[in-house]
Amino acid sequence: MKVGIFDSGIGGLSVLHHAMKVMPQTHFLYYADREHVPYGEKTVEEIRGFVEEILNFFIEKQVDAVLIACNTATSVSDMEFRSRFPVPIVGMEPAVKKAVEQYHEENSRILVAATPVTIAGNKLHLLLDRVDREHEVDLIALPGLVRFAEAGEFDSSQVDAYLRQELSQFDLNRYGTVVLGCTHFNYFKRNFCRIFPGNVDFVDGKGGSIRQLLRLLHQEEASDCSHQVDYYFSGKPASETELKQIEMYLTRLEEMYQIYRRKANAKHFL
Ligand code: DGL
């Protein structure tokens, strides 16, 4: 089975990282549109154009399905747009429903962090109308984190200062859950933890999107997975240097996965 996964850049590696753990026997094609990152600060028409180009690239490569590992690209590509392509296409949206239904605790609020395009998009507001009945959800656009992630800058004081500044408009004591509504934000869990005074849970949509993809492909989650990955940067095969960078990003994601999986288990299952 051949599956195309794409993002504007390296954010979608967080989705690939998870997919490699649970999808059986898959040949992944990972496409980072680095020539056009950040999507979250472009116009809807521009982003649709990039998405169309990438989907055509995947069709030429004869993939069986595509996973849009980008909340921003999903937010501008509706079902009608996606149905023009001859393979199943699964998107990702901020996991607000999951946060409200599974993580929310009384008297604590939920913060959804995403790109400016996702935050302003109709799709997110329609979702909030459906699931945020008690008005417990607040929104914040954090485009700076996309730039830091692309530069490979994670634990610097500049990143924390940026986050602190952007979050200063909220009383952080009131928040128990952060929805990572941009795949680039997965790299910054540790920074969020340093800034929020209490314990926060992180929720995102990658697990749900991968399960949906498996359903469409009539497959089940597996724990014994063998896979092959080909990496492309805006249509060109990744160079040796780019492959080394990818390895560094995947190492960081594995680190986050190990730390925060343990924490989530401790909070919810003990
Ligand atoms: N990683 C993308 C997302 O999930 C977008 C980042 C960007 O290019 O602005 O929304």
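Above: the structure in question.
Residues numbered from 1 in each chain as written. Predicted model: local features only at pLDDT ≥ 70, side-chain atom pairs only at ≥ 80, totals over all residues. Heavy atoms only, no water.

Undergrad: I'm lost on the overall build of the protein in this one. Help?
TA: Each helix and strand in the protein was counted, giving twelve helices and ten strands. Seen through its C-alpha atoms, the protein measures out along the principal axes to roughly 50 × 40 × 40 Å. The buried share of the protein, taken over its 270 residues, is 55%. Across the protein, contacts joining residues at least 24 apart in sequence account for 78% of those joining residues at least 6 apart. Carbon and sulfur atoms make up 47% of the accessible area of the protein, which totals about 12500 Å². Once the 30 positive and 38 negative side-chain charges of the protein are each reduced to a mean point, those two points are 3 Å apart. (Helix = DSSP H or I, 4+ residues; strand = E, 2+ residues; numbered from the N terminus. Buried < 20%, exposed > 50% of the residue type's maximum accessible area, 1.4 Å probe, protein only. Contact = heavy atoms within 4.5 Å. Areas by Shrake-Rupley, 256 points an atom, 1.4 Å probe, with all protein chains shown as cover. Lys, Arg positive; Asp, Glu negative; His and termini not counted. Charge placed at Lys NZ, Arg CZ, Asp CG, Glu CD.)

Undergrad: How should I be thinking about the site of the ligand in this particular structure?
TA: Neighbouring residues of the ligand: 14 residues in total, closest Ser8, Tyr39, Gly40, Thr72 and His184. Thr72 is positioned such that a nitrogen or oxygen atom in its side chain is 2.5 Å from an oxygen atom of the ligand. Within the backbone of Thr183, a nitrogen or oxygen atom sits 2.8 Å from an oxygen atom of the ligand. Protein burial of the ligand: of its 300 Å² of free accessible surface, 99% is covered by the chains. Here the residues of the shell around the ligand sort into six nonpolar, seven polar and one charged. (Near = heavy atom within 4 Å. Polar contact = N/O pair within 3.5 Å; in protein donor to acceptor, adjacent residues only side chain to side chain. Nonpolar A, V, L, I, M, F, W, Y, C, P; charged D, E, K, R; others polar.)

Undergrad: Looking at this structure, I do not really get the pattern of salt bridges. What am I missing?
TA: Tallying each qualifying case throughout the model produces 14 salt bridges. A salt bridge links Arg34 to Glu150; the shortest N-O distance between them is 2.8 Å. Of the two residues, Arg34 sits in the loop between strand E2 (26-32) and helix H2 (44-60) while Glu150 sits in helix H8 (residues 143-150), which places them 116 residues apart along the sequence. Its relative accessible area of 17% is what places Glu150 among the buried residues. One salt bridge connects Glu41 with Arg147, and the closest N-O pair in it is separated by 3.1 Å. On the criterion of sequence distance, the pair formed by Glu41 in the loop between E2 and H2 and Arg147 in helix H8 is long-range, its members being 106 residues apart. A residue is classified by how much of its surface remains accessible, and Glu41, at 42% relative accessible area, is partly exposed. On the basis of relative accessibility, which here comes to 46%, the residue Arg147 falls in the partly exposed class. One continuous salt-bridge network, built from bridges that share partners, spans Asp155, Asp160, Arg190, Arg194, Arg252 and Glu255. (Salt bridge = Lys/Arg side-chain N within 4 Å of Asp/Glu carboxyl O.)

Undergrad: Explain the sheet that holds strand E3 (residues 65-68) to me, please; I cannot follow it from the model alone.
TA: Pairing between the strands of a sheet is mediated by backbone hydrogen bonds and can be parallel or antiparallel. Spatially, E4-E3-E1-E2-E9-E10 is the arrangement adopted by the six strands of the open sheet, whose pairing is mixed. The sheet is open, and its two edges are formed by strand E4 (89-90) and strand E10 (236-237), each paired on a single side. Judged from the six bridges that link them, strand E1 (residues 2-7) and E2 form a sheet pairing that is parallel. Of the residues in E2, the one forming a bridge with Lys2 is His27. Lying over the sheet, H2 contacts E1, E2, E3, E4 and strand E9 (227-233), oriented at roughly 160 degrees with respect to E1. (Pairing = 2+ DSSP bridges. Axes fitted to C-alpha atoms, helices over the stretch in contact; angles between N-to-C directions.)

Undergrad: What is the right way to read the side chain of Asp7 from this model?
TA: Looking at where Asp7 falls in the secondary structure, it is placed in strand E1. As a buried residue without a salt bridge, Asp7 has its nearest oppositely charged side chain in Arg34, at a separation of 8.8 Å. There is a polar contact of 2.9 Å between the side chain of Asp7 and the backbone nitrogen of Gly11. Each residue touching Asp7, except ones within four places of it in the same chain, is listed here: Gly12, Tyr30, Tyr31, Ala32, Asp33, Ala69, Cys70, Thr183 and His184.

Undergrad: Looking at this structure, how should I read the packing of helix H1 (residues 13-22) against helix H11 (residues 206-216)?
TA: Packed helices, taken two at a time, are described by the angle their axes make and the gap between the axes. With their axes 10 Å apart at the nearest point, H1 and H11 run at an angle of 50 degrees to one another. For the element pair H1 / H11, the angle class is oblique. Note on packing geometry: the crossing formed by H1 with H11 is right-handed. Two secondary-structure elements touch here, H1 through Ser14, Val15, His18, Ala19 and Val22 and H11 through Lys206, Gly207, Ile210 and Leu214. Partitioning the contact of H1 with H11 into residue classes produces five nonpolar, three polar and one charged. (Parallel < 35°, antiparallel > 145°, perpendicular 65-115°, else oblique. Left-handed = near helix turned anticlockwise from the far one by under 90°.)

Undergrad: What am I meant to see in helix H5 (residues 96-103) here?
TA: A turn of α-helix holds 3.6 residues, and therefore any two residues three or four places apart point the same way. All of the buried residues in H5 are Val96, Ala99, Val100 and Tyr103. Buried positions in H5, seen along its axis, are confined to an arc of 125 degrees and lie on one side of it. Seen from the open side of H5, the exposed residues pointing more than 90 degrees away from its buried face are Glu101 and Gln102. (Arc of directions from axis to C-beta.)

Undergrad: Please explain the packing of aromatic side chains as it appears in this structure.
TA: In this description, an aromatic ring pair is defined by two values, namely the gap between the centres and the angle between the planes. Taken as a whole and assessed by the stated rule, the structure comprises 16 aromatic pairs. By way of ring pairs, the aromatic residues Phe6, Tyr31, Phe57, Phe58 and Tyr232 are connected into one cluster. Lying over the aromatic face of Tyr257, Lys21 brings its terminal NZ or CZ to 4.5 Å of the ring centre. (Phe/Tyr/Trp six-rings, centres within 6.5 Å; stacked < 30°, edge-to-face > 60°. Lys NZ or Arg CZ within 6 Å of the ring centre and 35° of its normal.)

Honestly, that's just the spatial picture; any functional story needs more than this.
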